[in-house]
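An overview of the molecular structure
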Amino acid sequence: PAWVAQVARVTEAYATTELEDLSERALVISDVQFEKYLLPGVVASYLRQKHPAALAQAAQQLSADVYDLLQQHGGFDDRAGFSILDEHWPMIAAALPLFLKEDNARLQNVCRWLHAFLNGSGRWDEKVLIYIEAEQRAAAANDWLNAGWRAYSLGVTYRERNQLPELLDCAK
């Protein structure tokens with residue numbers, strides 16, 4: 001609820017109360033402790049159809065908040081920032097698909113800021129998902145330096161996971 005409150009610009013107590021209320025009405029699905037929430041597909045479809053502007057605004061705010069967080073606490077040299085990124089991981093994970101829709105420069109910054117954190121925390125699946133798209137986007141933008149770094153990093157990850165066919169694809 002903390003990151004929902006941050007994005008919605010309301011107090012955490014208010015966000016918690018509202019999320020619990022939505023959960024009781026089955027508009028969101030929560031865990032037993034009311035700490036994690038999922039939006040059922042039918043509700044998500046309804047919101048996309050009836051309130052696209054509100055969703056776009058929320059997505060823009062989430063993207064901006066996470067970008068600022070990564071800028072402040074991400075990177076190769078900020079090992080102290082790992083705990084902050086780990087604490088905010090649900091919010092960061094929710095924003096990753098949004099960064100894939102943004103311009104190449106912004107996506108490459110996100111990859112650079114997350115690189116050490118994703119490696120150090122073992123979030124290789126997330127790294128692979130975002131880096132595949134980031135490599136393709138960089139190549140399409142003739143940003144060969146970033147395309148090369150994304151391919152190299154993917155190759156290292158595949159090697160660590162003993163995924164030889166994928167590793168060989170990175171070498172092409």
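It should be emphasised that the depicted structure is a prediction, and the values quoted were computed from it without experimental measurement.

1. Remarks on the pattern of salt bridges
Scanning all chains against the criterion turns up 5 salt bridges. Aspartate 125 is the salt-bridge partner of arginine 161, the closest N and O atoms lying 2.9 Å from each other. Separated by 36 residues along the polypeptide, arginine 161 in the loop between helix H9 (144-160) and helix H10 (164-170) and aspartate 125 in helix H8 (residues 124-140) bring together distant segments of the chain. On the basis of relative accessibility, which here comes to 27%, the residue arginine 161 falls in the partly exposed class.

2. What to know about the layout of surface pockets
Roughly 1,600 Å³ of volume is contained in the largest pocket. In this structure, the largest pocket is lined by 38 residues; those nearest its centre are Trp3, Val4, Leu39, Leu62 and Ala94. Mapped onto the lining of the largest pocket, the elements with two or more residues apiece are helix H1 (2-8), helix H2 (12-24), strand E2 (37-38), helix H3 (41-50), helix H4 (52-73) and helix H6 (89-99). With 8 residues, H4 is the single largest residue contributor to the lining of the largest pocket. For the lining of the largest pocket, a count of residues per class yields 28 nonpolar, 4 polar and 6 charged.

Rules used in this analysis
- Residues numbered from 1 in each chain as written.
- Predicted model: local features only at pLDDT ≥ 70, side-chain atom pairs only at ≥ 80, totals over all residues.
- Heavy atoms only, no water.
- Salt bridge = Lys/Arg side-chain N within 4 Å of Asp/Glu carboxyl O.
- Helix = DSSP H or I, 4+ residues; strand = E, 2+ residues; numbered from the N terminus.
- Buried < 20%, exposed > 50% of the residue type's maximum accessible area, 1.4 Å probe, protein only.
- 1 Å grid on protein atoms, 1.4 Å probe; cavity = no way out; pocket = protein on both sides within 12 Å on 5 of 7 lines; lining within 4 Å.
- Points joined across faces, edges and corners; volume = space filled by probe spheres on them.
- Nonpolar A, V, L, I, M, F, W, Y, C, P; charged D, E, K, R; others polar.

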